[in-house]
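Chain by chain, the residues:
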Amino acid sequence: MKLTIEDVRSRFIKHFDGTTGSVYASPGRINLIGEHTDYNNGYVFPGAVEQGIIAELKPNGTRTVQAYSIDLKDRTEFSLDDEKGPSATWARYIFGVCREMMALGVPVEGFNTAFAGDVPLGAGMSSSAALESTYAFALNDMFGGNKIEKMELALVGQRTEHKYVGCNCGIMDQFASVFGKKGSLMRLDCRSGEYAYFPWNPKGYKLMLVNSCVKHELAGSPYNERRLSCEKVAAIIGKSHPEVKSLRDADMKMLDEVKTEITDEEYRRARYVIGEVQRVLTVCDALEAGDYETVGKMMYETHYGLSKEYEVSCEELDFLNDVAKEEGVTGSRIMGGGFGGCTINLVADELYDHFKEVVKKRFAEKYGKEPIVIDVVVGDGSRKLC
Ligand code: GLA
């Protein structure tokens, strides 16, 4: 069921002093193509979804933040002036955003807040970016006179992940959450910050997410390790090709030149990234030509790379990808960081209902429970609701 303002407001009233504050929302995201390219300075192609976080906030005249997570039924408080902050992960996101906004000169004061979300957790749909963006946007509006630009709000979320949660993520999720626009996907150049909106209304196709419900946890080391491998390979290539500052600048020939200086694992990881940077560009051209077969083919190639070269898949996700292929789905791949979560599928209209049935049935037969199918509706980015 769709989360509403009332769901949050009723809890805010109950858990605080009975008054109301201001309500803000930010979405989770999908990504058509361009996975693990953001921290390699390449391109990504995300869009916001309708699911997200809704939070109510009201200044409380102190230096303390009183926060209530409606979904977890957990309450905590922290001082804005305490450098350590709370220990609960959900609260660390809010704490990190407060501290990073203060570092930008926003005179953040204490506030009461309650929030809830309908982005499935650990599904690779960026529930944490939705949380960060909601508070970055809200604090900018409530205390900062909206002086901080949107890209900086996204960077506040990213720094929160790096410094307070331990995930060295790229900028895609926070960018998509802040900048999302109903009906449009966005292509972002993660090096220059340039972006363009692409209206998403493919004739004859729809996007479907299939959530394996295998929970992924990006704050752990596997994600950060991959990022380190990429940076290491780029630095080695850069010794003989100074123009290569990150893997976005490298090609397969350069990678082959350094093959003996790196491990097989590093080679495979870099190979995936170099291929993926190109695939995003191929997809952009294909979209302009209305060529969805090519878009789909690139998605399958991405899945192969994420599974066999970057090694961020799992058995359940590979199975979902196989079912899609066998059923004639145009494109399918792991979405987001990997290690669990969803596949994103480009499905022809006439196959949509059939595939939904079959994928649920076959997954349930094998793993004992149905995956959750999510129809994608591309929604708006961070905003004030009331
Ligand atoms: C996670 C990170 C992003 C990005 C994706 C993979 O969602 O937060 O920055 O790296 O994984 O594309």
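Residues numbered from 1 in each chain as written. Predicted model: local features only at pLDDT ≥ 70, side-chain atom pairs only at ≥ 80, totals over all residues. Heavy atoms only, no water.

Participant: What am I meant to see in the site of the ligand here?
Facilitator: The ligand sits among 13 residues. The nearest are Glu-35, His-36, Asp-38, Asp-173 and Tyr-223. Interatomic distance of 2.7 Å between a side-chain N/O atom of Glu-35 and an oxygen atom of the ligand. A distance of 2.6 Å is found between an oxygen atom of the ligand and a side-chain nitrogen or oxygen belonging to Tyr-223. For the shell around the ligand, the class distribution of residues is five nonpolar, four polar and four charged. (Near = heavy atom within 4 Å. Polar contact = N/O pair within 3.5 Å; in protein donor to acceptor, adjacent residues only side chain to side chain. Nonpolar A, V, L, I, M, F, W, Y, C, P; charged D, E, K, R; others polar.)

Participant: How should the sheet that holds strand 2 (residues 43-44) be read in this particular structure?
Facilitator: The strands making up a sheet are joined through hydrogen bonds of the backbone, oriented either antiparallel or parallel. Ordered in space as 2-7-8, the three strands form an open sheet in which the pairing is antiparallel. Because the sheet does not close on itself, it has two edges, and the strands there are strand 2 and strand 8 (195-199). By the bridge criterion, two bridges tie strand 2 to strand 7 (residues 184-189) in an arrangement that is antiparallel. Counted as the bridge partner of Tyr-43 is Asp-189 from strand 7. Sitting on the sheet, helix 5 (residues 172-179) is in contact with strand 2, strand 7 and strand 8, with an inclination near 135 degrees to strand 7. (Pairing = 2+ DSSP bridges. Helix = DSSP H or I, 4+ residues; strand = E, 2+ residues; numbered from the N terminus. Contact = heavy atoms within 4.5 Å. Axes fitted to C-alpha atoms, helices over the stretch in contact; angles between N-to-C directions.)

Participant: I would appreciate a short explanation of the packing of helix 10 (residues 315-326) against helix 11 (residues 349-367) in the present structure.
Facilitator: The relative placement of two packed helices is expressed as an angle between their axes plus a distance between the axes. Taken N-terminus to C-terminus, the directions of helix 10 and helix 11 make an angle of 140 degrees; their axes are 10 Å apart at the nearest point. Looking at the two axes, helix 10 sits oblique to helix 11. The two elements helix 10 and helix 11 meet at a crossing, and its hand is right-handed. Here helix 10 contributes Glu-315, Glu-316, Phe-319, Leu-320, Val-323, Ala-324 and Glu-326 to the contact with helix 11, which in turn contributes Phe-355, Val-358, Val-359, Arg-362, Phe-363, Lys-366 and Tyr-367. For the contact of helix 10 with helix 11, the per-class residue count stands at nine nonpolar, no polar and five charged. (Parallel < 35°, antiparallel > 145°, perpendicular 65-115°, else oblique. Left-handed = near helix turned anticlockwise from the far one by under 90°.)

Participant: Honestly, unusual backbone geometry in this entry has me stumped. Any pointers?
Facilitator: In most cases, non-glycine residues show a negative phi, while peptide bonds are predominantly trans. Phi at Asn-146 is positive, roughly 55 degrees, even though this residue is not glycine. With respect to the secondary-structure elements, Asn-146 resides in the loop between helix 3 (127-142) and helix 4 (150-165). Non-glycine residue Phe-339 carries a positive phi angle of around 65 degrees. Locating Phe-339 in the fold gives a position in the loop between strand 10 (331-334) and strand 11 (342-348).

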